[in-house]
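Geometric and topological summary
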Amino acid sequence: MSDIESPSRFRSQVIFGDACDGTMCAWLLDKSMEGSRPAIYIDGYKVAADTILQQFQDEKGTLELIVYPVMFLYRHHLELSLKHLRSTIGERFPNQQLNSGGHGLKRIWDDCVQCLRIQASDDEENFSGVTQIIRQFDDVDPHPAENFRYSQTLKGEPTQTGKECIDLSVVRAAVDSVSAYLGAWTMSIQMGIDHRPE
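Calculation notes
- Residues numbered from 1 in each chain as written.
- Predicted model: local features only at pLDDT ≥ 70, side-chain atom pairs only at ≥ 80, totals over all residues.
- Heavy atoms only, no water.
- Salt bridge = Lys/Arg side-chain N within 4 Å of Asp/Glu carboxyl O.
- Helix = DSSP H or I, 4+ residues; strand = E, 2+ residues; numbered from the N terminus.
- Buried < 20%, exposed > 50% of the residue type's maximum accessible area, 1.4 Å probe, protein only.
- Core = buried A, V, L, I, M, F, W, Y, C linked by side-chain atoms within 4.5 Å.
- Axes fitted to C-alpha atoms, helices over the stretch in contact; angles between N-to-C directions.
- Parallel < 35°, antiparallel > 145°, perpendicular 65-115°, else oblique.
- Left-handed = near helix turned anticlockwise from the far one by under 90°.
- Contact = heavy atoms within 4.5 Å.
- Nonpolar A, V, L, I, M, F, W, Y, C, P; charged D, E, K, R; others polar.
- Expected span 1.5 Å × (residues − 1).
- Patch = residues over 30% accessible without salt bridge, like charges linked within 9 Å, V, L, I, M, F, W, Y side chains within 5 Å.
- Areas by Shrake-Rupley, 256 points an atom, 1.4 Å probe, with all protein chains shown as cover.

**Here we look at the pattern of salt bridges**
Scanning all chains against the criterion turns up 10 salt bridges. Note that D138 is salt-bridged to R75, the shortest N-O span being 3.7 Å. In this pair, D138 is assigned in helix α4 (residues 124-140) and R75 in helix α2 (residues 63-92), connecting sequence segments 63 residues apart. The class of D138 is buried, set by a relative accessible area of 13%. The exposure class of R75 is buried, given its relative accessible area of 2%. A salt bridge links R117 to E124; the nearest nitrogen and oxygen atoms lie 2.7 Å apart. On the basis of relative accessible area, R117 is assigned to the partly exposed category, the value being 36%.

Quick look at the structure:
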């Protein structure tokens, strides 16, 4: 523990402040960055997961240690991407009946895809692909999305009960694909384009 500083050093240290003189300063969003808020949150979770995987991809024994945070980060990225798309649909199509709240990916996607099918009825293969990936995330980590965050429920029961094997390279590729697809739809709807993204 010689490289780790004693907690007493941090008694008067400001962690959250309006100045930073260190080498790893990061600014939380302020009012001037308001328009970037959804993208920074959405992209940040994915960049963090990608970075962790990149760092540990050759260390096989370590994957069991990082699988939970990586899966949580990817799942949360998908949730934020879906919620941003749903919000964009709601703004562009105010008469569209959309559910609100909740963390279930399938429920959020079902809201989105009903509107997207109206916009691009010939894109069923992609809709089906997204549905399959989202269903798998929901099957392993159902509402309220706690299985990758906690080892047990509030009742003391284990959150992961099966022997699931997760190929993190396949997860990364699937999330990349769905992320790009949802992002393209969000952008095309924001721009008022009435057809599916390429």
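This is not the end of the story, as more comes after the structure.
**So, the nonpolar core**
In terms of nonpolar packing, the biggest core is built from 37 residues, with Y74, L85, I89, W109, L116, F137 and W185 touching the most fellow members. Top contributing element to this core by residue count: α2, with 10 residues.

**Here's the deal with the packing of helix α1 (residues 37-56) against α2**
Running from N to C, α1 and α2 point in directions that differ by 155°, and their axes come no closer than 9 Å. The pairing of α1 with α2 is recorded here as roughly antiparallel in orientation. Crossing of α1 against α2: the hand is left-handed. Where α1 approaches α2, its residues P38, Y41, I42, D43, Y45, K46, A48, A49, D50, I52, L53 and F56 are matched on the opposing element by L63, I66, V70, F72, L73, Y74, H76, H77, L80, S81 and H84. Looking at the contact of α1 with α2 residue by residue, the class counts come to 16 nonpolar, 4 polar and 3 charged.

**With respect to helix α5 (residues 168-190)**
With 23 residues, α5 should reach 33 Å at 1.5 Å per residue; the first-to-last C-alpha distance of 32 Å fits that figure. Looking one or two residues past α5, G192 carries a phi angle of roughly 80°, positive in sign.

**Thoughts on the environment of P94**
Structurally, P94 can be placed in the loop between α2 and α3 (105-119). Residue P94 is classed as exposed on the basis of its relative accessible area of 64%. In the structure, P94 is positioned 30 residues away from E124 in sequence and 24 Å away in space, judged by C-alpha atoms.

**So, a nonpolar patch on the surface**
A cluster of nonpolar side chains, I15, F16 and L28, forms an exposed patch at the surface whose accessible area comes to about 440 Å². Secondary-structure assignment places I15 in the segment before α1.

**A closer look at the environment of C112**
Along the chain, C112 falls in helix α3. The class for C112 is buried, based on a relative accessible area of 0%. Between the C-alpha atoms of C112 and W185, which are 73 residues apart in sequence, the distance is 10.0 Å.

Remember, this is a structural readout, not a statement about activity or role.
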